[in-house]
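Residue strings, one per chain:
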Amino acid sequence: MYHVGSAVAWSDLFFFTALRSDASWSPRVALFGDMGNENAQSLPRLQSEAQQGMYDAVLHVGDFAYDMNTDDGLVGDEFMRQIEAVAAYVPYMTCVGNHENAYNFSHYKARFSMPGDDGANMFYSFDLGPAHFISLSTEYYFFLEYGMQQIRTQYEWLQRDLEMANQNRAERPWIVTFGHRPMYCSNDNSDDCTHRQSITRVGVPYLHLYGLEKLFYDSGVDLELWAHEHSYERFWPVYNEETRNGSTASPYTNPRGPVHIVTGSAGCREGRASFRNESLPFSAFRSNEYGYTRINIFNSSHLYLEQVSDDQGGKVIDHMWIVKDTHGAYP
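Figured I'd write up the structure that's included with this text. (Residues numbered from 1 in each chain as written. Predicted model: local features only at pLDDT ≥ 70, side-chain atom pairs only at ≥ 80, totals over all residues. Heavy atoms only, no water.)

Let us look at the overall build of the protein chain. When you go through the protein chain residue by residue, the secondary structure sums to six helices and 17 strands. Taking 20 Å as the expected radius of gyration for a compact globule of 331 residues, we find that the protein chain reaches 19 Å, a close match to that expectation. Seen through its principal axes, the protein chain has C-alpha atoms that stretch 60 × 45 × 40 Å. Burial status across the protein chain gives 57% buried among its 331 residues. Pairs at least 24 residues apart make up 71% of the contacts formed inside the protein chain by residues separated by at least 6 positions. The distance from the centre of the 24 positive side-chain charges to the centre of the 42 negative ones in the protein chain is 5 Å. (Helix = DSSP H or I, 4+ residues; strand = E, 2+ residues; numbered from the N terminus. Rg over C-alpha atoms; globule rule 2.2 N^0.38 Å. Buried < 20%, exposed > 50% of the residue type's maximum accessible area, 1.4 Å probe, protein only. Contact = heavy atoms within 4.5 Å. Lys, Arg positive; Asp, Glu negative; His and termini not counted. Charge placed at Lys NZ, Arg CZ, Asp CG, Glu CD.)

Right, let's talk about the sheet that holds strand 14 (residues 283-287) for a bit. Read across the open sheet, the seven strands follow the order 6-7-8-9-13-10-14; overall the sheet is mixed. A strand with exactly one partner marks an edge of an open sheet, and here the two such strands are strand 6 (124-128) and strand 14. Taking each pair of neighbouring strands and ignoring which way they run, the sheet shows an average axis angle of 15°. With four bridges connecting them, strand 9 (residues 223-226) and strand 13 (residues 259-263) associate as parallel partners. Pairing of Leu-223 across the sheet is with Val-259, part of strand 13. Lying on the sheet, helix 4 (residues 149-167) is in contact with strand 6, strand 7 (131-135) and strand 8 (174-178); it crosses strand 7 at an angle near 175°. (Pairing = 2+ DSSP bridges. Axes fitted to C-alpha atoms, helices over the stretch in contact; angles between N-to-C directions.)

Now for the side chain of Gln-307. Locating Gln-307 in the fold gives a position in strand 16 (residues 302-309). A relative accessible area of 1% means that Gln-307 is categorised as buried. A polar contact is formed between the side chain of Gln-307 and the side chain of Thr-293, at a distance of 2.6 Å. Once residues within four sequence positions are removed from consideration, Gln-307 is found in contact with Tyr-232, Thr-263, Ser-265, Gly-291, Tyr-292, Thr-293, Lys-315, Val-316, Ile-317 and Asp-318. (Polar contact = N/O pair within 3.5 Å; in protein donor to acceptor, adjacent residues only side chain to side chain.)

Before going further, it helps to spend a moment on the state of the cysteines. Going through the model one piece at a time under the given rule, you end up with one disulfide. In this model, Cys-185 is linked to Cys-193 through a disulfide, with the two sulfur atoms separated by 2.1 Å. Judged by the sign of its S-S torsion, about 80°, the cystine formed by Cys-185 and Cys-193 is right-handed. A single burial state applies to Cys-185 and to Cys-193, both of which are buried. The thiol of Cys-95 is not disulfide-bonded; the next cysteine sulfur, from Cys-193, is found 14 Å away. (Disulfide = S-S within 2.5 Å.)

Every buried residue of helix 3 (residues 102-111) is listed here: Ala-102, Phe-105 and Tyr-108. Angularly, the buried residues of helix 3 cover 115° about the axis, an arc narrow enough to put them on a single face. Every exposed residue of helix 3 that faces more than 90 degrees away from the buried side is listed here: Tyr-103 and Ala-110. The inward-facing, buried residues of helix 3 abut strand 4 (64-65) and strand 5 (92-95). (Arc of directions from axis to C-beta.)

Bringing the side chain of Thr-263 into the picture now. Here Thr-263 shows up in strand 13. Relative accessible area serves as the criterion here: at 0%, Thr-263 is assigned to the buried category. Setting aside anything within four residues of it in sequence, one finds Thr-263 in contact with Leu-31, Phe-32, Gly-33, Trp-226, Ala-227, Ser-231, Tyr-232, Tyr-292, Thr-293 and Gln-307.

The next thing to look at is the sheet that holds strand 15 (residues 291-297). Taken in spatial order, the six strands line up as 5-3-1-15-16-17 in an open sheet, and their pairing is mixed. Pairing within the sheet leaves two strands with one partner each, and these edge strands are strand 5 and strand 17 (315-323). In this sheet, adjacent strand axes meet at a mean angle of 20° when their direction is disregarded. Lying over the sheet, helix 2 (residues 74-87) contacts strand 3 (57-61) and strand 5, oriented at roughly 130° with respect to strand 5.

Packing of helix 1 (residues 43-51) against helix 2 leaves a shortest axis separation of 8 Å and a crossing angle of 35°. When helix 1 is examined against helix 2, the residues Leu-43, Leu-46, Gln-47, Ala-50 and Gln-51 are found in contact with a partner set consisting of Gln-82, Ala-85 and Val-86. A per-class count over the contact of helix 1 with helix 2 returns five nonpolar, three polar and no charged. (Nonpolar A, V, L, I, M, F, W, Y, C, P; charged D, E, K, R; others polar.)

What follows covers the pairing of strand 10 (residues 232-235). Burial along strand 10 is two-sided: the residues Tyr-232 and Arg-234 and Glu-233 and Phe-235 are all buried. Note: strand 10 against strand 14, four bridges, orientation antiparallel. When the sheet's bridge partners are listed, Arg-234 is paired in strand 14 with Phe-285.

In terms of nonpolar packing, the biggest core is built from 83 residues, with Leu-59, Tyr-92, Phe-133, Phe-216 and Leu-223 touching the most fellow members. Tallying contributions element by element places helix 4 first for this core, with six residues. Residues contacting Leu-59, with those up to four places away along its chain left out, are Val-29, Ala-30, Leu-31, Phe-32, Met-93, Phe-126, Phe-133, Phe-178 and Leu-225. (Core = buried A, V, L, I, M, F, W, Y, C linked by side-chain atoms within 4.5 Å.)

Summed over the entire model, instances satisfying the criterion amount to 20 salt bridges. The partner of Asp-222 in a salt bridge is Lys-324, with the nearest N and O atoms 2.5 Å apart. Here Asp-222, found in the loop between helix 6 (212-218) and strand 9, pairs with Lys-324, found in the segment after strand 17; they are 102 residues apart in sequence, far enough to count as distant. Here the two residues Asp-222 and Lys-324 agree in accessibility, since each one is buried. With a shortest N-O distance of 3.7 Å, Arg-244 and Glu-242 are connected by a salt bridge. (Salt bridge = Lys/Arg side-chain N within 4 Å of Asp/Glu carboxyl O.)

Dropping the structure here:
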């Protein structure tokens with residue numbers, strides 16, 4: 001139990017349970033993106049569940065407050081007060097989104113403190129139970145006015161981090177990445193993920209430098225988490241626009257490529273995102289109901305994921321198991 005403050009004033013009392021540092025336990029994680037301080041549909045349920053001890057960590061996959069810099073930062077202040085009922089009890093892990101771009105992402109950099117040595121919260125990694133999580137900035141690829149060097153710096157760091165993670169797979173077999181803008185989506189708009197040569201996937205336009213899909217595939221990343229689209233979409237295992245299921249009967253058992261999840265429907269003033277009539281051939285399930293995602297990494301071989309609908313009062317509307325006998329480079 002703790003509180004923070006000074007001689008001027010003190011906060012309310014909060015509590016948390018310190019996480020185990022070893023790999024032999026089963027972490028439970030809530031994740032979502034694109035949550036504002038208006039129309040934050042998922043927030044009340046997340047606040048309640050966090051205080052009930054349902055989660056060991058929360059991942060916010062970009063786009064906060066809408067926007068943190070608005071009204072000289074007052075909107076960001078209010079948003080931080082709103083998430084206090086979650087972040088005071090469990091680690092609130094973040095990655096940057098496009099709505100944080102003002103003043104070279106300064107509000108995001110100043111308001112959060114993530115692990116790692118880049119000093120700016122823009123990319124980092126951490127271990128949680130049998131998994132290695134990697135947070136990255138997709139925004140480097142879209143705000144080139146802040147320079148190309150940051151793309152190269154992150155990419156080279158990713159190479160090193162993934163190499164070390166693979167060397168440690170006997171202890172932490174799962175590798176999970178999270179970044180804001182997806183490689184794939186079937187939404188009815190012109191966002192990057194709707195294009196066959198999406199920048200997040202293939203890299204810097206025209207040059208095709210520092211693309212993430214091949215790096216993640218070659219490194220045997222198991223699960224890639226995204227947001228940005230105000231909807232939920234689960235994909236079959238995929239690489240280079242090709243479905244790579246483990247088998248017809250059991251697509252997520254020993255898949256031959258990473259699994260992608262887009263989960264950006266926690267609620268904001270921009271509302272929901274609609275889908276095109278025709279989905280991608282490797283899209284397995286999609287919904288534009290407000291909601292968020294839960295993950296339970298049971299052990300070295302089994303990972304469970306489900307989608308919660310706020311429109312339906314917390315009903316689970318989608319779920320899957322990823323089952324892997326071994327982890328590493330894909331066949």
